[in-house]
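Architecture and fold: a report
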Amino acid sequence: MVRSTTNQTSTRDHRRRSTPPQSQRSLYLSRNRNTAMAKRSANHANSWYTGDRKALSTQLEAWLSIVAIDGVAMPIEGARIIIAPHAGYAYSGAAAAWAYKSLDVSKAKRVFVIGPSHHIYIDNCALSSCHTYATPLGDLRLDTEVLKQLHSTEGELFQWMRLDVDEEEHSIEMQLPYIYKILEKAGKLNEVKVVPIMVGAISSRKEKAYGEVLAEHLKNPENVFVISSDFCHWGTRFSYTHYYSSLPSNDEPYPPSVSLDTHCAAPPSDHPVYQSIEALDRRGMYYIESGSHDDFSDYLKKTHNTICGRHPIGVIMAGIQTIEKQGAIAKGAGRFRFVRYEHSSQCRVGSDSSVSYASAYAVL
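The rules behind the values
- Residues numbered from 1 in each chain as written.
- Predicted model: local features only at pLDDT ≥ 70, side-chain atom pairs only at ≥ 80, totals over all residues.
- Heavy atoms only, no water.
- Buried < 20%, exposed > 50% of the residue type's maximum accessible area, 1.4 Å probe, protein only.
- Helix = DSSP H or I, 4+ residues; strand = E, 2+ residues; numbered from the N terminus.
- Arc of directions from axis to C-beta.
- Contact = heavy atoms within 4.5 Å.
- Phe/Tyr/Trp six-rings, centres within 6.5 Å; stacked < 30°, edge-to-face > 60°.
- Lys, Arg positive; Asp, Glu negative; His and termini not counted.
- Salt bridge = Lys/Arg side-chain N within 4 Å of Asp/Glu carboxyl O.
- Core = buried A, V, L, I, M, F, W, Y, C linked by side-chain atoms within 4.5 Å.
- Axes fitted to C-alpha atoms, helices over the stretch in contact; angles between N-to-C directions.
- Parallel < 35°, antiparallel > 145°, perpendicular 65-115°, else oblique.
- Left-handed = near helix turned anticlockwise from the far one by under 90°.
- Nonpolar A, V, L, I, M, F, W, Y, C, P; charged D, E, K, R; others polar.
- Pairing = 2+ DSSP bridges.

The set of residues buried in helix α10 (residues 293-303) consists of H293, F296, S297, Y299, L300 and T303. Across the axial projection of α10, the buried residues extend over an arc of 155 degrees, all falling on one side. For α10, the elements touching its buried residues are α8 (204-219), β13 (242-244), α9 (273-290) and α11 (310-325).

Quick look at the structure:
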């Protein structure tokens, strides 16, 4: 069964929640650093990924060893920015290896890890109050001085996360074992610190504002950026069952679409659901690769694609555009290139569900 026919393509847009009052936001965030410089535990170990040090190290090494791009030396020289998925490693660990094998940490002194908020609604960005992040492989130190500098940014753009909020969020944690492994392989564990930033449900205008703040850090060749994001979350459990009646083309990038429901035994057109999902994602990936923050924002408004890291991606795209306008990088530099795309499963009927995973790098 088809529930609707519309170019807006979504069932209800589950991302649009009313803004909670300031008193409620203060339950999660604080203007004061009040966690006594705690150590964040590896809260999702033994559930989202193995907590066994040897097994985890072997698993990451195996995934990294498989990655190869014809004619390209790995890591890719100057690839200081990556987009990597953050689902359980059984689903997205292999896909994430394509991003991390590309990452160049040869000059790195710090790694900014920028992920979305899945469990609390905030309309700004939040910083970790911790001094150390634990992983089953070993600890990663945070750059507390840079975190303090960000917190002091004019306009109170950044707040501190409570420790329990920090530990509940998985989007940053799922990047940490890979970051540890890449730094370990490069012999830089003692030199590099981490700067975790949780990005809330911010507007396109705010993405540009945060991009301007991070622009100075993007300019610094000693800074590496990891953007944490999965792509389309498809199925009724995600309140998103977009299906293209005809697949997009350059002439018609946004063709008519419908929303399927659980009683839909087969899609209304010849192409399978998973092919429609891939076409939807690849259109978004196209706009990310174009470097145009406005085009990517427009794509999200038109499709409502459930890319959970859309705001972190938007912030960094805006930051790259800022430094390009300043003349700090050549025109066209810092463009993303996607090197891997996968689905957790192939959806064929309305009752199916899947999450998409994509890996990309940018040379800056």
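This paragraph deals with the packing of aromatic side chains. The description of an aromatic ring pair rests on the distance of the ring centres and on the angle between the ring planes. Across all of its chains, the model carries 10 aromatic pairs by this definition. With a centroid separation of 5.2 Å and 70 degrees between ring planes, the pair formed by Y286 and Y287 is classed as edge-to-face. For Y286, a relative accessible area of 46% gives the class partly exposed. Put simply, the rings of Y49, W63, Y89, Y100 and Y178 touch in pairs and so form one group of aromatic residues.

Take the side chain of R283 next. Inspection of the secondary structure puts R283 in helix α9. Nearest to the buried, unbridged R283 among oppositely charged side chains is D295, at 9.1 Å.

Core analysis: the largest hydrophobic core is formed by 98 residues, its most contacted members being Y100, I197, I316 and F336. Among all residues touching Y100, those that are not within four sequence positions of it are L64, I82, A84, Q175, Y178, I179, I182 and V226.

Two elements in contact, helix α3 (residues 89-102) and helix α7 (residues 176-185), have axes whose closest approach is 11 Å; the angle formed by their N-to-C orientations is 40 degrees. Viewed along their axes, α3 and α7 adopt a mutual orientation that is oblique. Regarding α3 and α7, the two cross each other, and that crossing is right-handed. Residues Y89, G93, A96, A97 and Y100 of α3 form the contact with α7, whose own contacting residues are P177, Y178, I179 and I182. The residue inventory of the contact of α3 with α7, partitioned by class, reads eight nonpolar, one polar and no charged.

All right, on to the pattern of salt bridges then. Tallied over the full model, the rule gives 18 salt bridges. We note a salt bridge from D166 to R40, for which the minimum N-O separation is 3.1 Å. Linking D166 in helix α5 (residues 163-168) with R40 in strand β3 (residues 39-40), this pair joins segments that are 126 residues apart in sequence. Like D166, the residue R40 is buried in the burial classification. By sharing partners, the salt bridges in this structure join E61, K181, E184 and K185 into a single network.

A few words now on the sheet that holds β3. Spatially, the three strands line up as an open sheet ordered β3-β7-β8, and their pairing is mixed. Looking at which strands have only one partner, the edges of the open sheet turn out to be β3 and β8 (138-141). Across four bridges, strand β7 (residues 132-135) lies against β8 in antiparallel orientation. Within β8, the residue paired with A134 across the bridge is D139. Packed on one face of the sheet, α7 meets β7 and β8 and runs near 90 degrees to β8.

A regular strand places its side chains so that they alternate between the two faces of the sheet. In terms of burial, strand β5 (residues 110-116) is a largely internal element, seven of the seven residues being buried. Neither face of β5 is left uncovered, since the one carrying R110, F112, I114 and P116 and the one carrying V111, V113 and G115 both have all their residues buried. Sheet topology note: the β5/strand β11 (residues 223-228) ladder contains five bridges and is parallel. Bridging across to β11, F112 finds its partner in F225. Sheet topology places β5 next to strand β10 (residues 193-199); seven bridges connect them, and they run parallel. The partner of P116 across the bridge, within β10, is V199.

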